[in-house]
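# Examining the three-dimensional arrangement
As a plain string of letters, each chain reads:
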Amino acid sequence: MPNHPRTKIPETWTPEEEQAYREFLEACKTFPKEGLLTREELDQAHRRIFGEPMPQPLRRAKRFWAIAAAAVAIAASMVTVSAFQNQLRRFFLRETPIATDVAVIPPDDGENSETISYYWDAAYVPEGYVLDYTDISDLGTILSYKSQSGTYLDISTIPLNGTPTFDTEDTQKQEIRISGGSGYLYTTEDDSKTRLLLLYEDGYLILAGGITQDEMLKIADSLYKINISTN
């Protein structure tokens, strides 16, 4: 893989790590589309993963990608709104006052997949959060980040046939489309707890944490894929 200027790929990296880097660089192009991450936060994300600030050419590219993303969004708006609603209809949610059970309706011509080939991680996490626990499998993954104050941020990637339950007590739900996924954002009235449920063609994602809605959207805007090794 060609190295990005000022960013040398360590010889000890595995193919999965190199792929994660490629995904990160691609994700950088979409960050300005939502207008959520500042240059400093992009630097923080790149430094956390690769040990150095983001290469200068990527910073200069932010304005170009923002304009390009806006043009594409306008041109495709009629198609994407319909696709967004169709994707949301695949969710089957059983909501109670304290939690939500999730299932995905299978396609008419087949079954939901039982495994995943990749999982999601976030280039950006709020300051003070560090990776505390991981469970990575083609049957589903969870990455758990912990803050200095003891609060958690969980990133779960789930096969389409998975049926998890997650805490939505005292939250308000709204439809959302971000990072290529369609789903629902759940936020408490005091903005102290947020959940994000996103559906993709080959899996779905749950982000959960004791963080504000703005921070959750920044995290979602920085998502990138890491392939699961089959070795």
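Keep in mind it's a predicted model, so treat the numbers as computed, not measured.

## Examining the environment of E95
Here E95 is to be found in strand β1 (residues 91-95). Dropping the residues within four chain positions of it, E95 is found in contact with T100, K173 and Y186. Among the polar contacts listed, one links the side chain of E95 to the side chain of K173, at a separation of 2.9 Å.

## A few points about the pairing of strand β5 (residues 141-146)
Regular strands place their side chains on alternate faces of the sheet. In this sheet, β5 lies alongside strand β4 (residues 130-135) in antiparallel orientation, the contact comprising five bridges. The residue bridging V130 from the neighbouring strand is K146, located in β5. Here β4 hands over to β5 after five residues, with G140 in that stretch at a positive phi of 140 degrees. Bridge count for β5 against strand β6 (residues 152-158) is six bridges, and the pairing is antiparallel. The partner of L143 across the bridge, within β6, is I155. Counted along the chain from β5 to the antiparallel partner β6, the turn is five residues long, and its residue G150 has a positive phi close to 95 degrees.

## Concerning the packing of aromatic side chains
The final tally for this structure, using the stated rule, is three aromatic pairs. Consider the rings of Y118 and W120, whose centres lie 5.7 Å apart with planes at 90 degrees: the pair is edge-to-face. Take Y118 and W120: they sit in the same class, and that class is buried. Centroid distance W120 to Y200: 4.9 Å. Interplanar angle 35 degrees. Geometry classified as tilted. One end of the pair, W120, is in strand β3 (residues 118-122); the other, Y200, is in strand β10 (residues 194-200), and 80 residues separate them in sequence. You can call W120 buried: its relative accessible area is 6%. Taken together, Y118, W120 and Y200 form an aromatic cluster joined through their ring pairs. The side chain of K173 reaches across the aromatic face of Y184, ending 4.6 Å from its centre. For K225, the ring lying beneath its charged end belongs to Y118, and the centroid distance is 4.5 Å.

## Some thoughts on the confidence of the model for the protein
For the protein, per-residue confidence averages 75 on the pLDDT scale, and residues scoring 70 or more make up 61% of the total. Segment residues 31-35 is flagged for pLDDT under 50; beyond a separation of four residues in sequence, or across chains, it makes twelve contacts in the model. Under a pLDDT of 50 for its full length, residues 57-81 has, in the predicted model, 19 contacts with residues more than four places off or in other chains.

The rules behind the values
- Residues numbered from 1 in each chain as written.
- Predicted model: local features only at pLDDT ≥ 70, side-chain atom pairs only at ≥ 80, totals over all residues.
- Heavy atoms only, no water.
- Helix = DSSP H or I, 4+ residues; strand = E, 2+ residues; numbered from the N terminus.
- Contact = heavy atoms within 4.5 Å.
- Polar contact = N/O pair within 3.5 Å; in protein donor to acceptor, adjacent residues only side chain to side chain.
- Pairing = 2+ DSSP bridges.
- Phe/Tyr/Trp six-rings, centres within 6.5 Å; stacked < 30°, edge-to-face > 60°.
- Buried < 20%, exposed > 50% of the residue type's maximum accessible area, 1.4 Å probe, protein only.
- Lys NZ or Arg CZ within 6 Å of the ring centre and 35° of its normal.
- pLDDT = per-residue confidence, 0-100.

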